[in-house]
Amino acid sequence: MLSTAEIEKLTDNLLLVLRQQAGDPAMFGSLCKELKCDSEDLRRSIELLQQWEYAIDLQPDRVSFLAAPDLLTATEIGYELDTEFCGTNIAAYRSVKSTNDIATQLAQSGAAEGTIVVADEQTAGRGRLGRQWHSPPNTGIYLSIILRPNFDAEKAPGLSIMTALALAETLKPICGDRMKIKWPNDVLISGLKVAGILTELTAEREKINFVVIGIGINAKTKRDQFPKDIRAIATSLTASGYPNIRRADLVRELLTNIENEYRLYCAEQLSPSLDRLRAYSSLLGRPIKLAFGQNIIEGIARDISSDGSLIVEKDGLLTSVVSGEVSVTSERDC
Ligand code: BT5
C-alpha cells in the first residue's frame, strides 16, 4: 500500500491523465497500467480527488473528470501554466497571516526569482503604511511574488504600477473599460477598489536584494461580506457582475502578464508601456489631491512618467511624485 505522500503524487498524476481525456471516461484497468498502481490505490486517489472537490464521475469500471473546483492549489495554478519563471515554484496555503511575510522568509533563504506564495485566506493581510487588507477565505486571491531585479533600488517604485498594468491586462477581457488603474497601486471597477498591490523592497545601500510584490484581488466577495468601513469603496469581480471566475485561471493569466511586463520593465522601465498605462489611468486630466510624505499638492493629474511617477500640474508648474495617496477632488474638468 502506498504512503500518504505517494498517494498524493499518484493523485496529481491521475488528475493530469483524466484531464487529458477531456471528459471521456478512462477504464480502471488501463489507468492502473498507465499510472503503475493497483486498483486499491487508484480508488484511494479518486476518493482524494473527490475530497478535494473535483467533480469526478465514478462508475464500477471507469472514471471521468467533469470539473475542477475553484481552489488556489499549486496543482490548479500550475496546470498548463506557460511561463518561464513566474510561478514555476508555488507555495500554496489555506490560511496564513500574510503571504508577503512568507515570501520574504522564502526570499531570505534563497528562493528563486518568480517563486509565488498564494493563500486562500490571510489573518493579518496588510496594505501600505500598516493598513489592513481584508482577506476572507474562499473568495479572494492573496498572492506574493519574489523578484530579484538587476537594477538599483531607485528604479523599484515603478514596479507597483507595472504590476497594476499586468493586473489590468488580466482583468480587461473580463471587465472591459469599467476597469481602471488608480495610481500607484489600485485597480478599480466603476470607481470601486477590486485589487491592491503592496511592493516591499529589501536592499543594501542601493543594491536590491529582492522585491516582494503582494497582490490582493477580491474575486468572489459578496457586497455584504465587506466590513462596513470599506463597503462603499470596495468591490469584487462577482459583486461587479462577473460571477463565473475560477481563481486559479485568473492567477495563471496574471503570472503570464507579470512576466511580460517585468521583462519590459527590466529593459526600459515603463517607456514601452506608457500609452497603455495612460489609457487605463483613472486620474489623468482630473483634479486631485496628492499626499506624499509630509506634503500635499492639489492640481491636475497630467501624466505618468517612465519611472512610474505621477506628474501633477499646479499653477502651470509640473511636479513629479514617485509614490503617494491620491483622492479626486472634484468631477469638474473631467
Ligand atoms: C493596498 O494597500 O491596496 C495593498 C493591498 C495588498 C494586499 C496583498 S494580499 C497579498 C499580500 N499579502 C499582504 O499581506 N498584502 C498583500 P493600500 O493602498 O494601503 O490600501 C489599503 C486600504 O484599502 C485599507 O485601508 C482599506 O481602506 C482598503 N481595503 C482593505 N481591504 C480591502 C479589500 N479587500 N478590498 C478593497 N479595499 C480594501
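Scroll up for the structure.
Residues numbered from 1 in each chain as written. Predicted model: local features only at pLDDT ≥ 70, side-chain atom pairs only at ≥ 80, totals over all residues. Heavy atoms only, no water.

**Let's talk about the overall build of the chain**
Selection rule: Every helix listed is a DSSP run of H or I at least four residues long, and every strand listed is a run of E at least two residues long, numbered separately from the N terminus. The globule rule used for comparison is 2.2 Å times the number of residues to the exponent 0.38, while the radius of gyration itself is calculated over C-alpha atoms. Here, two residues are considered to be in contact whenever any of their heavy atoms come within 4.5 Å of each other. What sets the accessible areas is the Shrake-Rupley method with a 1.4 Å probe; for residues, cover comes only from the shown protein chains.
For the chain, the helix and strand inventory stands at nine helices and 15 strands. Taken against the 2.2 N^0.38 rule, which gives 20 Å for 334 residues, the C-alpha radius of gyration of the chain at 22 Å falls within 12% of a compact globule. With the C-alpha coordinates of the chain rotated into their principal frame, the extents come out at 80 × 45 × 35 Å. In the chain, of all internal contacts separated by at least 6 residues, the share reaching a separation of at least 24 is 63%. Counting only carbon and sulfur atoms, one obtains 49% of the accessible surface of the chain, whose full area is about 16000 Å².

**So, the environment of arginine 126**
For clarity, the cut-off: When accessible area is computed with a 1.4 Å probe and restricted to protein chains, residues below 20% of their type maximum are described as buried, those above 50% as exposed, and intermediate ones as partly exposed. N or O atoms within 3.5 Å of each other form a polar contact, as long as, within protein, one can give a hydrogen and the other can take it, and as long as residues adjacent in sequence are counted only when both atoms are side-chain atoms.
Position of arginine 126 among the secondary structure elements: in the loop between β5 (116–122) and β6 (140–147). Since its relative accessible area comes to 27%, arginine 126 is described here as partly exposed. In this structure, the C-alpha to C-alpha distance between arginine 126 and lysine 97, residues 29 residues apart in sequence, is 9.1 Å. Once residues lying within four places of it in the same chain are set aside, the contact partners of arginine 126 are Ser98, Asn100, Asp101, Arg131, Gln132, Trp133, Leu198 and Glu200. At 2.7 Å, the side chain of arginine 126 and the side chain of glutamate 200 are in polar contact.

**Concerning the side chain of glutamine 122**
As for its position among the elements, glutamine 122 is in strand β5. Among the polar contacts listed, one links the side chain of glutamine 122 to the backbone nitrogen of threonine 99, at a separation of 2.8 Å. Reaching out from glutamine 122, the side chain makes a polar contact with the side chain of serine 135 at a distance of 3.0 Å. Beyond its immediate sequence surroundings of up to four residues, glutamine 122 is in contact with Val96, Lys97, Ser98, Thr99, Trp133, Ser135 and Tyr142.

**Remarks on helix α6 (residues 158–175)**
The condition is simple: Helix span, expected: 1.5 Å multiplied by one less than the number of residues in the helix.
Taking 1.5 Å of rise per residue, 18 residues should cover 26 Å, and α6 covers 24 Å from first to last C-alpha, within 8% of that figure. Where α6 terminates, the next one or two residues include glycine 176, which has phi positive at roughly 60°.

**A few points about the site of the ligand**
Applicable threshold: The criterion for a residue being near a molecule or strand is simple. One of its heavy atoms has to lie within 4 Å of it. Gly falls in the polar group here, along with every residue not listed as nonpolar (Ala, Val, Leu, Ile, Met, Phe, Trp, Tyr, Cys, Pro) or charged (Asp, Glu, Lys, Arg).
Around the ligand, the surrounding shell holds 28 residues, and the nearest of these are Ser98, Arg126, Arg131, Lys193 and Asn218. The contact in question runs from an oxygen atom of the ligand to an N or O atom on the backbone of arginine 128, over 2.9 Å. Contact between the ligand and asparagine 185: an oxygen atom at 3.2 Å from a side-chain N or O atom of the residue. Within the residue set of the shell around the ligand, elements represented by two or more residues are α5 (99–108), β6, β9 (192–204) and β10 (207–218). Residue composition of the shell around the ligand, by class: nine nonpolar, 14 polar and five charged.

**Overview of the sheet that holds β10**
Counted only if it meets this: Each pair of strands is called paired provided DSSP finds at least two bridges between the two strands. To obtain each axis, a line is fitted to C-alpha atoms, and for helices this fit is confined to the stretch in contact; angles are then taken between N-to-C directions over 0 to 180 degrees.
Taken in spatial order, the seven strands of this open sheet run β4-β5-β6-β10-β9-β8-β7, and their pairing is mixed. Each edge of the open sheet carries a strand with a single partner, namely β4 (90–96) and β7 (179–182). Put simply, the sheet's adjacent strands are angled 20° from each other on average, direction ignored. Sitting on the sheet, helix α8 (residues 247–268) touches β5, β6 and β10, and the angle it makes with β6 is about 30°.

**A word on the packing of aromatic side chains**
Rules: For Phe, Tyr and Trp, rings pair up if their centres lie within 6.5 Å, where Trp contributes its six-membered ring, and each pair is then called stacked (planes under 30 degrees apart), edge-to-face (over 60) or tilted (otherwise). Placement of a charge over a ring requires the Lys NZ or Arg CZ to be within 6 Å of the ring centre, with the centre-to-atom vector within 35 degrees of the ring normal.
In the structure shown here, the tally under the stated rule is three aromatic pairs. Ring geometry for tyrosine 54 versus phenylalanine 65: centroids 6.5 Å apart, planes at 45°, classification tilted. Of this pair, tyrosine 54 sits in the loop between α3 (39–51) and β2 (55–58) while phenylalanine 65 is found in strand β3 (residues 62–67), placing the two residues eleven residues apart along the sequence. Comparing tyrosine 54 with phenylalanine 65, the two get one shared label, buried. Ring geometry for phenylalanine 85 against tyrosine 262: centres 6.1 Å apart, planes inclined by 65°, an arrangement best described as edge-to-face. One end of the pair, phenylalanine 85, is in the loop between α4 (74–78) and β4; the other, tyrosine 262, is in helix α8, with 177 residues separating them in the sequence. Classification of tyrosine 262 as buried rests on a relative accessible area of 3%. Positioned over the ring face of tyrosine 79 is arginine 19, at 4.0 Å from the centre of the ring.

**Some thoughts on the pairing of β3**
With two bridges connecting them, strand β1 (residues 26–27) and β3 associate as antiparallel partners. Note that in β3 the partner of methionine 27 across the bridge is arginine 62. Pairing of β2 with β3, which is carried by four bridges, proceeds in the antiparallel orientation. Looking at β3, one finds that alanine 55 is bridged to alanine 67. In sequence, β2 turns back onto β3 through a hairpin of three residues.

**As for helix α2 (residues 28–35)**
Here is the rule we go by: By construction, the arc corresponds to the directions joining the helix axis to the C-beta atoms.
If you check which residues of α2 are buried, you get Phe28, Leu31, Cys32 and Leu35. All buried residues of α2 fall inside an arc of 100° around its axis, so they share one side. Counted as exposed and oriented over 90 degrees from the buried face of α2: Gly29 and Lys33. Where α2 is buried, its residues meet α1 (4–20), β1, α3, β2 and β3. Looking one or two residues past α2, lysine 36 carries a phi angle of roughly 55°, positive in sign.

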